Amino acid sequence: MPSYLGKSKGVSQFFSFVLACQLFLLIGMVHSSPPENPIKCSSKGNSNCTITNSLGVFPDRAICKVSKAMYPTTEQELIAAVAMASMNKTKVKVATRYSHSLPKLVCPDESPNGNLLISTMYLNRTLSIDSSTMTMTVESGVLLRDVISKAAKVGLALPASPYWWGLTIGGMISTGAHGSTLWGNGSYVHDYVIGLRIVTPATLDEGYAKVRVLDNNHPDIKAAKLSLGVLGVISQVTLKLQPLFKRSLTIVREDDSDLATRATTFGKEHEFGDITWYPYQRRALYRLDDRVSINKSGNGLNDFTGFRSTLTPALAVVRVSEETQEATGDANGKCISARVTTFALRITGFGFTNDGNLFTGYPIVGYQNRLQASGSCLDSTSDALITSCAWDPRVKGNFYHQTAVNLPLSKVKSFIEDVQKLRDLVPEAFCGLELGNGILMRYIKGSNVYLGTEEDSIDFDITYYRSKDGSTPRLFQDILEEVEQIAVFKYGGIPHWGKNRNIGFIGAINKYKHAAEFLKVKESYDPSGVFSSKWTNQILGLDQSGVTIVKDGCALEGLCICSADIHCAPKKGYVCRPGRLYTSARVCTDINRSDADVTTVLEEDLGLSDM
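Residues numbered from 1 in each chain as written. Predicted model: local features only at pLDDT ≥ 70, side-chain atom pairs only at ≥ 80, totals over all residues. Heavy atoms only, no water.

Colleague: Please explain the packing of aromatic side chains as it appears in this structure.
Modeller: How two aromatic rings sit relative to each other is given by the distance of their centres and the angle of their planes. Under the defined criterion, the tally for this structure stands at 13 aromatic pairs. Seen in terms of ring centroids, Phe-307 and Trp-391 are 6.1 Å apart; in terms of plane orientation they differ by 90 degrees. Their pairing is edge-to-face. Highlighted residues: Phe-307 in the loop between β16 (301–302) and β17 (310–311) and Trp-391 in the loop between β20 (387–388) and β21 (400–408), separated in sequence by 84 residues. Note on accessibility: Phe-307 and Trp-391 belong to one class, buried. Ring geometry for Trp-497 and Tyr-512: centres 5.6 Å apart, planes at 25 degrees, overall stacked. Pair noted here: Trp-497 is in the loop between β24 (494–495) and α13 (515–525) and Tyr-512 is in the loop between β24 and α13, with a separation of 15 residues, a long-range link. You'll find Trp-497 and Tyr-512 in the same group, each marked buried. Taken together, Trp-164, Phe-304, Phe-307 and Trp-391 form an aromatic cluster joined through their ring pairs. Lying over the aromatic face of Tyr-525, Arg-212 brings its terminal NZ or CZ to 3.9 Å of the ring centre. Sitting over the face of the ring of Phe-272, Arg-247 holds its NZ or CZ atom 4.1 Å from the ring centroid. (Phe/Tyr/Trp six-rings, centres within 6.5 Å; stacked < 30°, edge-to-face > 60°. Helix = DSSP H or I, 4+ residues; strand = E, 2+ residues; numbered from the N terminus. Buried < 20%, exposed > 50% of the residue type's maximum accessible area, 1.4 Å probe, protein only. Lys NZ or Arg CZ within 6 Å of the ring centre and 35° of its normal.)

Colleague: Got a minute to help me understand the pairing of strand β15 (residues 283–292) in this structure?
Modeller: Where a strand is regular, its side chains alternate between the two sheet faces. Bridge count for strand β13 (residues 246–255) against β15 is ten bridges, and the pairing is antiparallel. Bridge pairing in β15 places Arg-253 opposite Leu-285. Where strand β14 (residues 274–278) folds back on β15, the antiparallel hairpin that results is connected by four residues, among which Arg-282 adopts a positive phi of roughly 55 degrees. (Pairing = 2+ DSSP bridges.)

Colleague: Is there a simple way to explain the nonpolar core in this structure?
Modeller: Here is a general trend for soluble globular proteins: nonpolar side chains tend to be buried in one another's company. Of all hydrophobic cores here, the largest spans 67 residues; its most connected members are Leu-228, Leu-231, Trp-391, Leu-451, Trp-497 and Ile-539. Taken together, the elements giving at least two residues each to this core come down to β7 (135–139), α3 (144–153), α4 (169–175), β9 (193–201), α5 (221–224), β11 (233–240), α13 and α14 (534–539). Discounting residues that sit within four places of it in the chain, Leu-228 has contacts with Lys-93, Leu-105, Ser-174, Leu-451, Trp-497, Thr-536, Ile-539 and Leu-540. Membership of the second largest hydrophobic core comes to 44 residues, among which are Val-405, Leu-409, Ala-429 and Tyr-443. (Core = buried A, V, L, I, M, F, W, Y, C linked by side-chain atoms within 4.5 Å. Contact = heavy atoms within 4.5 Å.)

Colleague: Before we go on, may I ask you to explain the packing of helix α7 (residues 312–328) against helix α8 (residues 331–347) in this structure?
Modeller: What describes two packed helices is the angle between their axes and the distance between those same axes. Direction vectors running N to C along α7 and α8 enclose 150 degrees, while the axes themselves pass 8 Å from each other. The orientation of α7 relative to α8 falls into the category roughly antiparallel. Mapping the contact onto sequence places Glu-322, Gln-325 and Glu-326 in α7 and Gly-333, Lys-334 and Ser-337 in α8. Looking at the contact of α7 with α8 residue by residue, the classes come out as no nonpolar, three polar and three charged. (Axes fitted to C-alpha atoms, helices over the stretch in contact; angles between N-to-C directions. Parallel < 35°, antiparallel > 145°, perpendicular 65-115°, else oblique. Nonpolar A, V, L, I, M, F, W, Y, C, P; charged D, E, K, R; others polar.)

In structure tokens form, the structure reads like this:
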């Protein structure tokens, strides 16, 4: 029997049972070890440092070494730090509290003059809230969680935000973080910014650093709102808020037969609607989510299961299960685990509760500040890693790739239909991404910032298995690579700047009509490139070497598109071949796998048919 037919049904059922148990154990977990500071320094004075992202590994797995880290606590200290770097032409990058951007935006180039990190960890104060004008001014290191909670205390709300509240306001706007809505100002956080202060390099006569104060009438704000950190350091941000309101949400499960058509209109029907798609299960979850009267009863709470504190032994069991499935080619095990996992999430309301304690059914009615985002694994004191956030690199837990691509609504139907055709050829290939809760589809309203999405679009966010060993290929590696290349190249999708593997950024800057205007502002603000790096120059088209890294095995990690077998893992049977539907794609294909031999245990035998 070929290895990819899977392990015995009994073993797969055991792992599925364990998965279900750990999901239910999450409910009620209140303690956690919050993530560490991503900056680690080995010498006194915060020198000889390294920095990484929230997963502990950048896409290229390289170690980012930094001469010194600085932690300004005031704008004056921030100005002094920038002036020092500008005077010495030292390469600088800005670090946030939890470093949730996956690419190397935070890594400064090494140079003879050394390099520097400026952390906004202590620039975390709320400076003012004006209820009459409904504005709020905060320092750039303030977490989304604190923006939400402090605004609510005076009866105000941020209308749209990402779903994870462990992001800083400066990091969110600099990378184009967003929620899901086509209504009002849209889902980008930066489209609720009406003013900001940014510290940039300057001339000797100006003291080597200056504070630029920008409002919505200033033309440069279209660059500064989404800057990738290459203009300077954002010091303060002023947000335009709204009166606190209530929402009512219901999640409905339907088959995906009309998803391609319905997805193009659903976002216009529900203000905060989104869609979670499970291609293997042929199901889509539609989130019917709208404002309701402030007088409507309900005190619902969003405490998303994936963002809760998790027992680290449970995380290890789940990770070992998936590693075993990968190593043995256990397609059945992945599909069974996916069904059990998504079923457990669904029947527990994905962490939503009707009153802050229990989920008793839909609709969930509650205030905006209690429903728009979550992240309770950040909110308690350390417990010696008995529990942690699921992706904490200090424990054996989640480790993944993320592909997040925006497609205009005009191209959404064709893209979904292509993915469905690919799914129909090899359904089991999509079970792995369903273990990451499927494909999240969030709506983005077109924005006028230079590096933002220009048309109403959908962000397709896919999370899937990544090996701790970068030379190890994934089960059904070729299928998800083809999906990625269909999105990026066939349909010209633009990347989420804070996510994606290297290939997601190939040619990205050419997809923005106003890229030249952005680069003009960049040249004006930082002519010496103090805040630029090789990576940012590559994604902005200023370094002709491009974003790809060509070496043995580079396609396994999305560092390159394979053009030769050696870019895959030929000794392990993975060679470079054209895509199945999109023949222009080049993907790492397991030549030892025959799709005709891949079978799945009957759902009826496992009691999964109604999940």
